[in-house]
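# Structural overview
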Amino acid sequence: MKLPAFQDLIIFENEDYLVINKPPFLATLDERVGGAPNILRLARQHYDDIQACHRLDKETSGALALSKNPEAYRNLAMQFEDRQVKKVYHAVGWGVHQFDGLRVERNIETTTKGKARLAPGGKHAETLVRTLETYTRHTLFECLPVTGRMHQIRLHLMYLQAPIVGDKTYGGEDFYLSTIKRKFNMKQGEEEQPFIKRFALHARQLTFAGLDGEPISVEAEYPKDFRVLVDTLRQYS
């Protein structure tokens, strides 16, 4: 993938914090193996003391906060620890569902190889789920994670039998346009590709307090792949 210019990702900046709209397929921090580019490495080409205050999965796009100095980092780290940061995610899931602020409480434990699972003996995990739009075979959800467990939204939507499109790890199949578009024709010899090449999860909004106590609330626009997916589902519903 072509690396973005870091400055083009910034959607909020003051003297203490940056919030970027993280593109999909770029890790927040160094991964366990290899020296692949990541958000923190890109950021440190411009800011010496910058740190990521939280992380998004590699495939997840959207609002990601970074601190420019140690005091700002501590301030936001404590807000995350005390569950004072408001995070809003949008996800496209399989099936047609009407949820109006449904509270999902299902414990989660991490397993080997960077995965997690629902387990009674795991750590408490809580997500609020609301339907934003419904389509022929899919639903656009707003998800507010109260806790911050690994793969929490993905697992909780799977539990609701609404797994995220493209999330094959947790029950979500790929979506192909031919399943909803009549007279869908492929060129001879070509194989149809999934409509979105990742799981359809986007960190839409992030709200936290700055060092002066004033709220900072930032909204991240959909990246092209997520926007086109939603527009297409609307078109063929």
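Up top you'll find the structure we're talking about.
Summary of the structure given here. (Residues numbered from 1 in each chain as written. Predicted model: local features only at pLDDT ≥ 70, side-chain atom pairs only at ≥ 80, totals over all residues. Heavy atoms only, no water.)

## Focus: the overall build of the chain
Quick note on the threshold: Secondary structure elements are defined from DSSP: runs of H or I of at least 4 residues count as helices, runs of E of at least 2 residues count as strands, and each element is numbered from the N terminus. The quantity called the radius of gyration is restricted to C-alpha atoms. Its globule counterpart is 2.2 Å times the number of residues to the power 0.38. Only protein chains enter the accessibility calculation, which uses a 1.4 Å probe; a residue is then buried when its area is under 20% of its type maximum, exposed when over 50%, and partly exposed in between. By the convention used here, residues are in contact when the closest approach between their heavy atoms is within 4.5 Å. Here the Shrake-Rupley method, with its probe set to 1.4 Å, supplies the accessible areas, and only the displayed protein chains count as covering residues.
Of regular secondary structure, the chain possesses 5 helices and 12 strands. A compact globule built from 237 residues would reach a C-alpha radius of gyration of about 18 Å, and the chain, at 18 Å, matches this within 12%. Projected onto its principal axes, the C-alpha positions of the chain cover 55 × 40 × 35 Å. Looking at the chain as a whole, 48% of its 237 residues qualify as buried. Taking as baseline every contact in the chain between residues at least 6 positions apart, the subset at least 24 positions apart corresponds to 63%. Total accessible area on the chain is roughly 12,700 Å²; 46% of this is exposed by carbon and sulfur atoms.

## Quick notes on the nonpolar core
Inclusion rule: Buried Ala, Val, Leu, Ile, Met, Phe, Trp, Tyr and Cys residues that are joined via side-chain atoms within 4.5 Å together make up what is termed a nonpolar core.
Ranked by size, the top nonpolar core spans 46 residues in total, and within it F6, L66, V92 and L157 carry the most contacts. For F6, the contacting residues outside a window of four places in its chain are L18, I20, I39, L42, A43, H46 and Y47. By size, the runner-up hydrophobic cluster in this structure holds 14 residues, among which are A63, A65, A72 and L206.

## Structural notes on the environment of A36
Mapped onto the fold, A36 is located in the loop between β2 (17-22) and α2 (39-44). For A36, a relative accessible area of 35% corresponds to the partly exposed category. For A36 and L26, which are 10 residues apart along the polypeptide, the C-alpha to C-alpha distance reads 8.8 Å.

## Section: unusual backbone geometry
We note that R83 has phi near 60°; this positive angle belongs to a residue other than glycine. When its relative accessible area of 47% is taken as the criterion, R83 is described as partly exposed. Its identity is not glycine, yet K113 carries a phi of approximately 60°, on the positive side. Structurally, K113 can be placed in the loop between β7 (108-110) and β8 (116-118).

Function cannot be read off these values alone, since they describe shape.
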